[in-house]
Amino acid sequence: MKVMSVVGARPNFMKIAPFIRAVEAYNQENEPGIAHILVHTGQHYDDRMNRAFFEALDIPDADINLGIGSGSHAEQVGQTMIAFEKVVQEEKPDWVVVVGDVNATCACSITAKKELVRLAHIEAGLRSRDMSMPEEINRLVTDRLADLLLTPDRLSGENLRSEGVPEERICFVGNIMIDTLEAQRGKAEGLELGGVIEGYLHEDGSRWSGDGIQWSVVGGQWSVDSGRWAVGGDEGFAVMTMHRPSNVDFPDVLGPLVDFLCDEVCGEMPLVWPIHPRTEGNLKKFGLWQKVVGTKNMVLLNPVGYHEMLRLNMAARVMLTDSGGLQEECCVLGTPCLTLRWNTERPVTLKEHGGASVLVGNEIGRLRKAFRQTLNEERRPARPELWDGRTAERCVQAICGR
Ligand code: UD1
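Keep in mind that what you see is a predicted model, and the values were worked out from it rather than measured. (Residues numbered from 1 in each chain as written. Predicted model: local features only at pLDDT ≥ 70, side-chain atom pairs only at ≥ 80, totals over all residues. Heavy atoms only, no water.)

## Looking at the domain arrangement of the chain
- What the domain assignment reports for the chain is domain 1 (2–175 + 387–400) and domain 2 (185–374).
- A C-alpha centroid distance of 29 Å is found between domain 1 and domain 2.
- Around 1800 Å² of area is buried between domain 1 and domain 2 when both sides are counted, 61% of it from carbon and sulfur atoms.
- For the domain 1 face of the interface with domain 2, the top three residues by lost area are R48, L155 and W387, together amounting to 28%.
- Salt-bridge contacts for E345 lead to R139; the nearest nitrogen and oxygen are separated by 3.3 Å.
- The interface formed by domain 1 and domain 2 holds five residue pairs in polar contact (both at pLDDT 80 or more) in total.
- Of all the secondary-structure elements, those providing two or more residues to the side of domain 1 that touches domain 2 are α1 (10–29), α2 (47–56) and α5 (134–145).
- Residue contributions to the side of domain 1 that touches domain 2 peak at four residues, all from α2. (Domains from an automatic or database assignment. Buried area = accessible area lost by both parts, 1.4 Å probe. Salt bridge = Lys/Arg side-chain N within 4 Å of Asp/Glu carboxyl O. Polar contact = N/O pair within 3.5 Å; in protein donor to acceptor, adjacent residues only side chain to side chain. Helix = DSSP H or I, 4+ residues; strand = E, 2+ residues; numbered from the N terminus.)

## Some remarks on the site of the ligand
- Around the ligand, a shell composed of 20 residues is seen, among which H44, D46, S70, E135 and R278 lie nearest.
- Between the ligand and the protein, one listed contact pairs an oxygen atom with a side-chain N or O atom of H276 at 2.9 Å.
- Here the ligand, which alone exposes 750 Å², has 84% of that area covered by the protein.
- In terms of residue count, the dominant contributor to the shell around the ligand is α5 (three residues).
- Along the lines of polarity and charge, the residues of the shell around the ligand split into six nonpolar, nine polar and five charged. (Near = heavy atom within 4 Å. Areas by Shrake-Rupley, 256 points an atom, 1.4 Å probe, with all protein chains shown as cover. Nonpolar A, V, L, I, M, F, W, Y, C, P; charged D, E, K, R; others polar.)

Set out below in structure tokens:
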């Protein structure tokens with residue numbers, strides 16, 4: 001059997017790594033095995049958004065790279081479809097496997113089905129019901145087309161049933177992101193936190209640090225001090241990530257968020273912020289960059305690697321994020337998580353379902369209140385059903401069983 005799996009953007013990489021590992025394990029036990037081809041659409045191409053993850057997660061180089069790169073949604077989806085069609089016609093796979101909800105997921109799903117190739121979707125059934133999110137459109141299209149819908153939690157299965165997806169296409173396998181978290185947790189724990197921060201400091205954010213970064217270890221507690229911020233010791237720190245168009249594409253939304261982060265969060269504790277290229281670009285465009293880089297206690301980083309993010313998350317007092325993957329990781333690690341969205345396709349990570357996350361949208365009053373509340377909170381790790389580190393194995397079994 002020939003299986004072609006597809007990755008395009010950063011959040012895909014941690015989902016495909018365990019799948020490839022599970023295919024290799026299957027091939028050691030079974031004859032004939034699975035002939036696997038990895039296709040990278042090239043949507044994310046920077047070393048720090050792309051290559052760093054392949055290396056850290058030991059993902060083999062893609063067999064085929066479509067080299068699509070940046071562009072509008074229609075450009076990314078259209079160009080991916082044109083390039084992927086040729087690949088499918090040439091390679092004639094039995095299955096195309098897509099993960100997540102990025103533009104590559106949707107583009108390759110449409111192409112595969114038009115070429116009459118069977119389609120499996122890992123992370124099927126997530127629904128935010130927010131049609132202003134490009135990812136929601138990608139999820140709906142992909143799930144409508146897929147022959148095998150591999151779901152991360154029971155709520156996702158219910159979503160699919162309510163949309164009329166036949167029962168035999170749905171298979172509850174658990175969350176494949178957690179396979180990677182469990183496989184890499186030990187390595188992340190071994191990282192020196194100060195080294196992570198120093199290693200990824202953003203050029204502009206560290207410009208004012210004068211004589212450079214000073215390290216100290218007092219009573220077994222380390223701290224890194226730039227003169228404008230100090231991270232380490234008892235005080236704790238917040239971690240932040242933000243890249244969704246709804247938060248970063250409009251100055252009247254991004255401006256007040258930046259004020260809250262700089263004036264209130266940084267007034268309380270250091271804020272470690274690995275910045276996404278989309279967000280950095282918009283902060284500069286809207287004239288907000290100087291405020292961010294000049295704020296005391298703002299620890300601005302370039303996009304960090306997988307293990308580094310996990311390490312920051314393990315140590316954070318609070319996470320502020322609009323990323324779906326981080327909501328899931330905070331759930332398992334128990335990090336109090338303020339989700340900068342009005343809805344989530346991952347309700348299982350919310351406090352009301354036993355998780356660690358609260359939805360705060362981007363309304364500052366709500367954000368302030370939730371932030372204050374979390375300052376008194378303890379970590380509360382939770383493990384939804386089948387988030388057990390063995391999801392990829394179940395995905396491979398499900399595909400081979402069809
Ligand atoms: C994409 C995904 C989103 C995911 C996010 C994680 C879609 C619709 N969105 O959003 O679901 O959560 O990735 O990162 O697929 N850029 C670089 N270097 C890169 C990649 C992008 O500088 O390696 C720049 C691009 O020029 C572009 C911007 O970042 O202007 C956004 O990239 P894009 O791929 O359009 O979407 P993301 O916002 O990253």
